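What follows is the residue order along each chain.
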Amino acid sequence: MESSDVELDLQRSVQAVLRELSAQAPALQSNRGMWRWSLHKKVERDPGKSPALVRILLRELEKAESEDARHIIIPLLHTLMYVLTKATGITEELHRRTYTFCTRLLTLPAPYCTIALDCAIRLKTETAVPGTLYQRLVIAEQNLTSELYPYRERVFLFVDPELVSPSVCSALLLEIEAAQGQQTPEACMRHVVSHALQAALGEACHAGALQRKLLASSRPALERYFHAVVTAVEQMAREPSPSREGHLERLEEIYCSLLGPAATARGRCGGDPLQDRPLSVPLPSPRITFHLWTDEEQLWKELVLFLRPQTQLRLSADLEALDLQGLLPDWELAWASMLSTDSGIERDLPPGADELLAPGSPEAERAGLQRKGGIKKRVWPADIVMPSSWDGPPGLHRRTGRPSGDGELLPGVSRLHTARVLVLGDDRMLGRLARAYHNLRKRETQRFCLTPRLSLQLYYIPLVAPQTSAASRHSELGELAAFLGRMDPWYESIVNTLCPTIHKLAEMPLSLDTSQTVDPFILDAITYYVRMGTQPIYFQIYTVKIFSGDLSQDPAEDIFLTELKVKIQDSKFPKDSFSPRRRGVAEGPGAELSICYQKALLSHRTREVTVSLRATGLVLKTLPASDTEVSGPTHCTPTAAPDTDHTCLKVSVTEIVKTSNLAGRSFSVVTNTFRTAHIQIQSQDRRLLTLSLDKDSCHTYKDVVRFEVAPCPEPCSGTHKSKVLGLSSHRQEMERNKAKAKPLLMPINTFSGIVQ
C-alpha cells in the first residue's frame, strides 16, 4: 500500500474516533470503543504505519488547540502517547513536536495541564533515550528482575459472584488466561531487547535476523542481553543531560555482540528493504490476577501477599520493625535509639580514621554529613500525619517512567509496588469496595506497612444485569458509572461500553484451546484503561449511625458511597421504647419524622434546621443528578478535602400533605429536596424504619427508630498521636480537630478526571 493510501486509511480511522466523541448518533453508539481499538491494531500489525499515525494525531491536536475544541484533546493525547510507547520507528523530530505541543497545554486549566505535564516529562526522556517507556512498562508489569528498575505492578481483578453470573466470570477468566498463557519471562525479555534495539537503531537494525538470534538464544544468554540493554537504557535515562548519540553507540555495541560486526555494517550500508522492514514487537498485557470477592478483608490480604515476597528487599534500617509478619505500634516507632560506640578518647579510634580525605570526594561528603552515634529522631513527613492520599502531592499523579505515586513517604523506602485494583459490578460492588477501602485505611493507622511501600490505584468497570444493560446510562444500579461517563467522555467511550460486550462474550461457547484466541478486545480495553487511566475522581464516603428500637442493642455504624434509602415499615415499636409518640399526631399514610440537618449555604456558615413532617420515605444520594451540579467539591481534588462544609448530600423526602375541604380529609404526595452534609432523622409516631445502603440487600437494617449521617472522617493515625505528645494541650486539641475534620475520599481512576 502506498504512503498516501496508508495516511488516508489512518485519517479515516482517526476521524471515526472524533465523530464518536462529538456525535450522539445511534449508529456510532453501537461501535463505541471499537474505533480506538481498530486504530491501534492497524499500527500493531504494521509498525511502519506508526510515524504516519503520529503525524495525523499531531495535526488533529494542533487543530483542536487552535479551534479550542478541548473535549477531544485528552482522548487524542492519550491515543498519541499509547502509540509512542509501543512504536519503534518514531523520529526525533516527531518526539520534539509532541513535546512542544504538551508544553503549550501547560497554560490550560486542570486537568489539561496536569496530563500535559505528565506527558511532557515522559516525552523528554523518550526523545533522548528511545524505548525507555516501553522497557519500564514491561519490566514493571511483568515483574522482570532488574536492579536498576526494581518497580513492580499487578492488576487485581475483583468480581463478586453474588452480583456477576458464573458465565461472565468464566468467560473473563478464560480470556485472561488465553492472552497471558504465552507471555513467558523469556518472551518478555526478547520483546524488551528487540524493541530497544529497533527504537534506537531504526532502519540500521536487521529486525528479522535479530528476532531469529533471540529465539535461538539460551536462557542465560538471553538474560545477559536483557540486562545489558536495560543497563544501557537506564544509565543513559538517569543522566542529567542524556545524549541520543551516546545511547545509540551503547546499543550498537550490544547489537554487534548479538549479530556480529558484519550485520552492523550491512545495516548501515542498507540492506534488503523487504527483509529489514521493522517487525511488530507486541506490548504484553499486564499481569492480571482474577479474584472472586468473598469478604471485606480480602483486599487487605491480597495486597499483603503481593508485598510479602519482597518485604526484606531495599528496606532502610529505620523500617526493620515494619515487617508484615509482626508490626509494632506507631508510637513505638516514633523514636529509634542507637547505641553510641564513640568513647570520646582519641586512641580508641579505629585504624585509618585519622587519615585526611580528599576534598570533594564522596567519602568526604558522607563524613561531613554523618552523625557519630547519639539519638536518632524519626522525622515524619507532613503526609504521614494523616495519610489521606497514597499518590503523592495533589496534581502530580505520575512521574516519568515510574508507576503512579512512587515517591518516598519515609526516608530510604520507595514505593516499589503498584497495585491496580479493578472491580467489575454495579453500584453495590462499589459500596463493598468502599467498606474494604475504609477498613484498609483503619488498619494502616494501626500497622503502618502498606502505605510506605505500595501505591494503590482503584479502577471501575460497570457491569449490570443483562436485562438492564440496554439502559445502563440511566439504570438504577449504574448511577456512578453514568456520572463518570458525564465527567470524562473518554471513559464513557472506552469503559462504559464494555458491559454489553462482556455479556456477549459470556454467551459464546467456551473454548478450552487458548491458542485460538486472537486480539481479545475486552482484555485490550482493560489494559488500555489501567495504563492510561491515571487521573482520579474522589468520592466522599459517608458514615451512618443507626439506633434500633431495642434499647438493649448498641448503635450500629456503617458506611455508604452512593445512596441511603429509607422505607417506612408497617410494624410499630412498643410505647415504652426509644422514642414515644407525640401527642396530636393524626394517623395517616407514612410516618411522622423529625429531621434535623445542617443546611448547605454558599457562605459556608453552619445553619441548623429542624422540621417535622409526615413522609412515606426518603432517599439520600451522594452523586449529582446532572452536569450543572458537579461543582460541589464532593468530587474534588485532595487540596479541597478539608472543606467539608462543601460536601453535600441530596436529600429527597416524599412528604404527605394533608388537606381538609367540604368532602373531608385528603392526602397528597409532594417531593421536597434539599442539600446537607449532616442529617439526623427520627421516627416520632412509633413507626419503624428500614435502611438500605448502596442498594445492597446485604447491607439493610430493619427496625430502626433513628439514624445520623455525616461525612466519614479520615481514620486518626497513631503516628499523628505520637507526634503531638510533646505539644501543649491547646495545640493538641487544635491538631485533633484538624484531623477529625478531614474527610475520607475514595479515588476512582479515569482518563482525565473531571472535565468541566
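Cut-offs and rules
- Throughout, a residue's number is its position along its own chain's written sequence, starting from 1.
- Only residues with pLDDT of 70 or above have their local features reported here, since the model is predicted, and side-chain atom pairs are shown and tallied only from 80 upward, although totals for entire chains, interfaces and linings are computed over all residues.
- Hydrogen atoms and water are omitted, and side-chain values are computed over all heavy atoms in the structure.
- Under the scheme used here, helices are H or I runs from DSSP no shorter than 4 residues and strands are E runs no shorter than 2 residues, and both carry numbers assigned from the N terminus.
- For every residue, the accessible area (1.4 Å probe, protein chains only) is compared with the maximum for its type, and the residue is labelled buried under 20%, exposed over 50%, or partly exposed between those bounds.
- For this analysis, residues touch if any pair of their heavy atoms sits within 4.5 Å.
- Residue-level accessible areas treat just the shown protein chains as cover; the underlying method is Shrake-Rupley with a 1.4 Å probe.
- Ring pairs are drawn from Phe, Tyr and Trp, using the six-membered ring of Trp, whenever the two centres fall within 6.5 Å, and their geometry is named by plane angle: stacked under 30 degrees, edge-to-face over 60, tilted for the rest.
- A positively charged side chain is recorded as over a ring if its NZ (Lys) or CZ (Arg) lies within 6 Å of the ring centre. The angle to the ring normal must also be within 35 degrees.
- Between any two strands, pairing holds if DSSP finds at least two bridges.
- Comment: axis = line fitted to C-alpha atoms, over the contacting stretch for helices; angle = value between 0 and 180 degrees taken between N-to-C directions.
- Under the convention used throughout, the expected extent of a helix is 1.5 Å for every residue step, that is, one less than its residue count.
- Note on definitions: salt bridges are taken to be side-chain nitrogens of Lys or Arg within 4 Å of carboxyl oxygens of Asp or Glu.
- Polar contact criterion, stated in full: a pair of N or O atoms within 3.5 Å, where within protein one must be able to donate a hydrogen and the other to accept it, and residues adjacent in sequence count only if both atoms are side-chain atoms.
- Like charges within 9 Å and nonpolar side chains (Val, Leu, Ile, Met, Phe, Trp, Tyr) within 5 Å are joined into patches, using only residues over 30% in relative accessible area that form no salt bridge.
- In what follows, roughly perpendicular refers to angles from 65 to 115 degrees, roughly parallel to angles under 35, roughly antiparallel to angles over 145, and oblique to any angle outside these ranges.
- Note on residue categories: nonpolar means Ala, Val, Leu, Ile, Met, Phe, Trp, Tyr, Cys or Pro, charged means Asp, Glu, Lys or Arg, and polar means any other residue, Gly included.

### Here's the deal with the overall build of the protein
- Along the backbone of the protein there are 27 helices and 19 strands.
- Within the span of the protein, comprising 756 residues, buried residues form 53% of the whole.
- Here the analysis covers contacts within the protein between residues at least 6 apart in sequence; of these, 78% occur between residues at least 24 apart.
- Split by element, the accessible area of the protein, about 34,900 Å² in all, is 53% carbon and sulfur.

### Considering the packing of aromatic side chains
- Here the structure, examined in full by the defined rule, presents 12 aromatic pairs.
- When the centroid spacing of 4.8 Å and the interplanar angle of 55° are considered together, the rings of Tyr-149 and Tyr-151 count as tilted. We note that Tyr-149, like Tyr-151, is buried.
- Counting every residue linked through ring pairs, the aromatic cluster contains Tyr-82, Tyr-459, Tyr-491, Tyr-528, Tyr-529 and Phe-751.
- Over the face of the ring belonging to Tyr-528 we find Arg-36, whose NZ or CZ atom lies 4.1 Å from the ring centre.
- Arg-70 extends its terminal NZ or CZ atom over the ring of Tyr-112, reaching a point 5.9 Å from the ring centre.

### A look at the sheet that holds strand 2 (residues 288–292)
- The strand order 2-1-7-8 describes an open sheet built from four strands, whose pairing is parallel. Two strands bound the open sheet, and with one partner strand each, they are strand 2 and strand 8 (454–462). The mean inter-strand angle of the sheet, taken between neighbouring strand axes irrespective of direction, is 20°.
- Helix-sheet contacts for helix 25 (residues 521–532) involve strand 1 (152–159), strand 2, strand 7 (417–425) and strand 8, and the interaxial angle to strand 8 is about 135°.

### Describing helix 10 (residues 185–201)
- Helix length check: helix 10, at 17 residues, gives a terminal C-alpha distance of 24 Å against a target of 24 Å (1.5 Å per residue), a fit within 8%.
- With 13 of its 17 residues buried, helix 10 lies for the most part within the structure.
- Phi turns positive, to about 65°, at Gly-202, one or two residues after helix 10.

### Describing the environment of Leu-618
- Note that Leu-618 resides in strand 14 (residues 607–621).
- Contacts of Leu-618, omitting those with residues within four sequence positions, involve Leu-564, Lys-565, Val-566, Leu-593, Ser-652, Val-653 and Ile-681.

### As for the pattern of salt bridges
- Within the structure shown, the criterion is met by 33 salt bridges.
- Here Glu-153 ties to Arg-420 by a salt bridge, and the two come within 3.2 Å at their closest N and O atoms. Of this pair, Glu-153 sits in strand 1 while Arg-420 sits in strand 7, and the two are 267 residues apart along the sequence.
- Classification of Arg-420 as buried rests on a relative accessible area of 4%.
- Of the charged contacts in the structure, one is a salt bridge between Asp-694 and Arg-435, with a shortest N-O distance of 3.9 Å. A residue pair is termed long-range when its members are at least 10 positions apart, and Asp-694 in the loop between strand 17 (687–693) and strand 18 (700–711) and Arg-435 in helix 20 (residues 427–446) qualify at 259 residues.
- Assessed through its relative accessible area of 0%, Asp-694 is described here as buried.
- Here the salt bridges share partners, and the residues they tie into one network are Asp-427, Glu-479, Glu-563, Lys-621 and Lys-695.

### Looking at the side chain of Gln-298
- Relative to the assigned elements, Gln-298 resides in helix 16 (residues 298–307).
- Gln-298 sits in the buried class, given a relative accessible area of 11%.
- A distance of 3.1 Å separates a polar atom in the side chain of Gln-298 from the backbone oxygen of Leu-292.
- What Gln-298 contacts, discounting residues up to four positions off in sequence, is Phe-158, His-291, Leu-292 and Trp-293.

### A look at helix 20
- Between the first and last C-alpha of helix 20 there are 29 Å, a value that for 20 residues agrees with the 28 Å anticipated at 1.5 Å per step.
- The buried fraction of helix 20 is high, at 15 of 20 residues.

### Side note on unusual backbone geometry
- For the peptide bond that leads from Ala-110 to Pro-111, omega is 5°, which places it in the cis range.
- Here Pro-111 is to be found in the loop between helix 6 (92–104) and helix 7 (112–128).
- For Asp-68, which is not glycine, the phi torsion reads 60° and is therefore positive.
- Structurally, the position occupied by Asp-68 is in the loop between helix 4 (50–67) and helix 5 (73–86).
- We note that Lys-695 has phi near 60°; this positive angle belongs to a residue other than glycine.
- Note that Lys-695 resides in the loop between strand 17 and strand 18.

### Quick notes on a nonpolar patch on the surface
- A cluster of nonpolar side chains, Leu-106, Leu-117 and Ile-121, forms an exposed patch at the surface whose accessible area comes to about 200 Å².
- Checked against the element boundaries, Leu-117 lands in helix 7.

### Section: the packing of helix 5 against helix 8 (residues 132–142)
- Contact geometry for helix 5 and helix 8: axes closest at 7 Å, N-to-C directions at 85°. In this view, helix 5 runs roughly perpendicular relative to helix 8, as classed from their interaxial angle. Listed contacts from helix 8 to Met-81, Thr-85 and Lys-86 of helix 5 are Leu-133, Tyr-134 and Leu-137.
- For the contact of helix 5 with helix 8, the residue count by class is four nonpolar, one polar and one charged.

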